[in-house]
Amino acid sequence: MPLEIIPILALLLVVLGVVGAIYLLTYLLGPRRPGDVKLSPYESGKEPIGDARIRFPIRFYLIAMLFVLFDIELVFFYPWAVVYRKLLSAGSFILIEMVIFIALLLIGYVYAWKRGALQWD
Amino acid sequence: MTFTQPTIDLTAVSPLLALLATAIFLLLLPLFFRSAGRALLAFVAVIGLLISGVCLFRIPVVPISGFDRLLLLDPLAIAVHGALLLAALLTLLISLNRVEDEYLNYGEYFSLLLFSLIGMMIVTSTWNLLVLFLGLELFSIALYTLAGIRKMRADSVEASLKYLLLGAFASGFLLYGMALLYGASGTLQLNEMMLGIEADASTLALIYAGVILLFIGLAFKAALVPFHMWTPDVYEGSATPVSAFMSTATKAAAFIVLIRLLAHSELAIRFPWPQLLIVLAVLTMTVGNLLAIHQKNVKRMLAYSSISHAGYLLVGLTAASSSGDQAVLFYLFVYTAMNIGAFGVLSHMGVSNADERVDFESYRGMGYRSPFAALCLAVFMFSLSGLPPFSGFIGKLYLFSAAVEKGYVALVVIAVLNSVASVYYYMRLVVNLYMRDPAEELSLPRANAGLKAALFIALLLTVLWGIYPSLLTDLLAGISRPLP
């Protein structure tokens, strides 16, 4: 075995030892007073109301999906904008590429719009 | 850093562009003209497919590569694009016959079909791993949606979910394999993977692990045996035209990528590919056929039969020669015609009973009630089981003789035995068509013109390629190893 690995193993042992010791000490020294409140989920200090797994309108899902889609596509604009001026000297290729990209994006937007994905009721 | 503009070769992508424009048009058309009916949309889609076919025909025979070698159109790619276009055309035509639930949006349905076609065409015409993954995901995601297109039916949604979960799992394997290959070689071009790296043991181990993972991902798409579990459930739950498309076009795409993967002998040095392929071929054929024998539902029978046909294709792949590749392509064409034809008759039968549980019994006496459909079904069954003079026989002959040329006699013997066993379950259907009296009144609605056209084309091709195989083999003669 190469010698370089010994410090890493030593570190691993120390970490495991320290974590184990802390757990052991809490177990031995800490007071235990179980209660209902401690087991309830934390909701910013409020009394929990009901189950989190309820039915909610599927429109939330649709809106979230559209948001993620267009958000990700927006991210592509930033690097393009940064290098735009520099690469324009090599021809209009970079401009045409982005026009095609936006055109495809726009088709998706029109589709979502006309299909009623942006309508709330 | 200097920026060089990639070479843009519009000839190479013209079939894809035609399909893309049609797909987008189909998506938007029903939104702006609510009166646009099924027939008009199908007409637009067929026109798009034909334009794409013409563009494909105009691509020169010599391999061309566009977009800085991201896209490669060699004879192999062009040939399989032809098969894929044929599959899409027949699927479109048989889709017209279905009396679907009112929620089906035909614009979306057709454009999803075209998008998956585009994905398959991208997958089959590249050496680049990233483009490969892009195309694979494009057609897979479209197919996951297509499997669940009848969204008010529980079995359709179940099929879609099963396909999505298992398909995503397989894509994970594929991506992991690609990552290992890239890490080991530093290039994404599959055909340059072994150039410029010294072949020490640890790099080779990485490359082999990567190739195996890639193989597993593709084997899932092609429904080879240890990875076939999803096939019957998904085919049964999807709309019948969608199952027809999945069983033929997906298989074609996956097998072409397998050829590309295995054709690079540098990737395969000291790796026992032939042994692995022989084991998989025997398993796939035998398991597919044995399970098909027990099926009561005709659609499930065709699903298992499609697994066994993947096994026959593997026999051709094992040969690893120009003639083997040509035989695989020939069989993909033939299989596309006869299998989509068979599914077309099935979808027509499904029209008469709502839950589509079409078992062998319900075909009793069909030969006297709707003679043309029954005749077509009988011919497709004869062809699928590999009886002369139909094209299924010639296809198997080419596949098996390519394997014999390379000395895999035992494998071919097993394949022939399997083929004989398969006659039993195909003939069971034909016996029901002609030799049994109908148990109850069989009332089939009249077949739609689209279905009739599709059945006619499929019948014509199945018979014609069986009698004059040179019509097809001449087109495939350009395919040769080593691939460019």
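Residues numbered from 1 in each chain as written. Chains lettered and ligands numbered in written order. Predicted model: local features only at pLDDT ≥ 70, side-chain atom pairs only at ≥ 80, totals over all residues.

1. What about the overall build of chain B?
Okay, so step 1: Summing up its helical and strand segments, chain B has 19 helices and two strands in all.
Okay, so step 2: On C-alpha atoms alone, chain B measures out to a radius of gyration of 22 Å, which is about the 23 Å that the 2.2 N^0.38 rule sets for 484 residues.
Okay, so step 3: With the principal axes as the frame, chain B shows a C-alpha extent of 70 × 60 × 40 Å.
Okay, so step 4: Taken across its 484 residues, chain B has 55% of its residues classed as buried.
Okay, so step 5: Put simply, of all contacts in chain B between residues at least 6 apart along the chain, 81% involve residues at least 24 apart. (Helix = DSSP H or I, 4+ residues; strand = E, 2+ residues; numbered from the N terminus. Rg over C-alpha atoms; globule rule 2.2 N^0.38 Å. Buried ≥ 20, exposed ≤ 12 C-beta atoms within 10 Å, placed from the backbone. Contact = placed C-beta atoms within 7 Å.)

2. Some remarks on the overall build of chain A
Okay, so step 1: Scanning chain A from N- to C-terminus turns up five helices and zero strands.
Okay, so step 2: Reading chain A from its N end, one meets helices and strands in the order α-α-α-α-α.
Okay, so step 3: In terms of overall dimensions, chain A is more spread out than a globule: its C-alpha atoms have a radius of gyration of 28 Å, far above the 14 Å expected for 121 residues.
Okay, so step 4: Here chain A, with 121 residues, has 0% of them falling under the buried criterion.

3. Quick notes on the confidence of the model for chain B
Okay, so step 1: The predicted model of chain B averages 87 in pLDDT, with 93% of residues at 70 or higher.
Okay, so step 2: The complex model carries a pTM of 0.87, and its ipTM stands at 0.79. (pLDDT = per-residue confidence, 0-100.)

4. Digging into helix H5 (residues 93–114) of chain A
Okay, so step 1: Taking 1.5 Å of rise per residue, the 22 residues of H5 of chain A would be expected to cover 32 Å, and the 32 Å separating its terminal C-alpha atoms lies within 8% of that figure.
Okay, so step 2: A positive phi of about 90° marks Gly116 of chain A, the residue just after H5 of chain A. (Expected span 1.5 Å × (residues − 1).)

5. A closer look at unusual backbone geometry
Residue and element names in this part refer to chain B.
Okay, so step 1: A cis amide bond, omega 5°, links Pro388 with the succeeding residue Pro389.
Okay, so step 2: Tracing the backbone through its elements, the reader meets Pro389 in the loop between helix H15 (371–385) and helix H16 (391–405).
Okay, so step 3: Even without glycine at this site, Ala223 takes up a positive phi of about 60°.
Okay, so step 4: Structurally, Ala223 is set in the loop between helix H7 (201–222) and helix H8 (230–237).

6. Re the packing of helix H6 (residues 154–185) of chain B against H7 of chain B
Residues and elements named next belong to chain B.
Okay, so step 1: Orientation of H6 relative to H7, taken along the N-to-C sense of each, is 155°, at an axis distance of 7 Å. Put simply, H6 runs roughly antiparallel to H7. For the pair H6 and H7, the crossing hand works out as left-handed. In this structure, H6 contributes Ala170, Ser171, Phe173, Leu174, Tyr176, Gly177, Met178, Leu180, Leu181, Gly183, Ala184 and Ser185 to the contact, and H7 contributes Thr203, Leu206, Ile207, Ala209, Gly210, Val211, Leu213, Leu214, Ile216, Gly217, Phe220 and Lys221.
Okay, so step 2: The residue inventory of the contact of H6 with H7, partitioned by class, reads 16 nonpolar, seven polar and one charged. (Axes fitted to C-alpha atoms, helices over the stretch in contact; angles between N-to-C directions. Parallel < 35°, antiparallel > 145°, perpendicular 65-115°, else oblique. Left-handed = near helix turned anticlockwise from the far one by under 90°. Nonpolar A, V, L, I, M, F, W, Y, C, P; charged D, E, K, R; others polar.)

7. Quick word on the interface of chain A and chain B
Okay, so step 1: At the interface, nine residues of chain A touch six residues of chain B.
Okay, so step 2: For the side of chain A that touches chain B, the element with the highest residue contribution is H5 of chain A, accounting for five residues.
Okay, so step 3: Its residues placed into classes, the side of chain A that touches chain B shows six nonpolar, one polar and two charged.

8. Remarks on the environment of Leu104 of chain A
Okay, so step 1: Inspection of the secondary structure puts Leu104 of chain A in helix H5.
Okay, so step 2: Along the primary structure Leu104 of chain A and Pro48 of chain A are separated by 56 residues, whereas in three dimensions their C-alpha atoms are 46 Å apart.

9. Brief notes about helix H1 (residues 10–32) of chain B
Okay, so step 1: The principal kink in H1 of chain B, of about 35°, is found at Leu16 of chain B.
Okay, so step 2: Buried residues in H1 of chain B make contact with H5 of chain A together with helix H2 (38–57), strand S1 (64–66), strand S2 (71–73), helix H3 (75–95) and helix H4 (106–123) of chain B. (Bend = angle between axes of the 7 residues up to and from the residue.)

10. Things to note about the environment of Thr250 of chain B
Residue and element names in this part refer to chain B.
Okay, so step 1: Inspection of the secondary structure puts Thr250 in helix H9 (residues 240–263).
Okay, so step 2: Taking the C-alpha atoms as reference, Thr250 lies 9.2 Å from Ser116; in sequence the two are 134 residues apart.
Okay, so step 3: Those residues in contact with Thr250 that lie beyond four places of it in its chain are Leu143 and Lys221.

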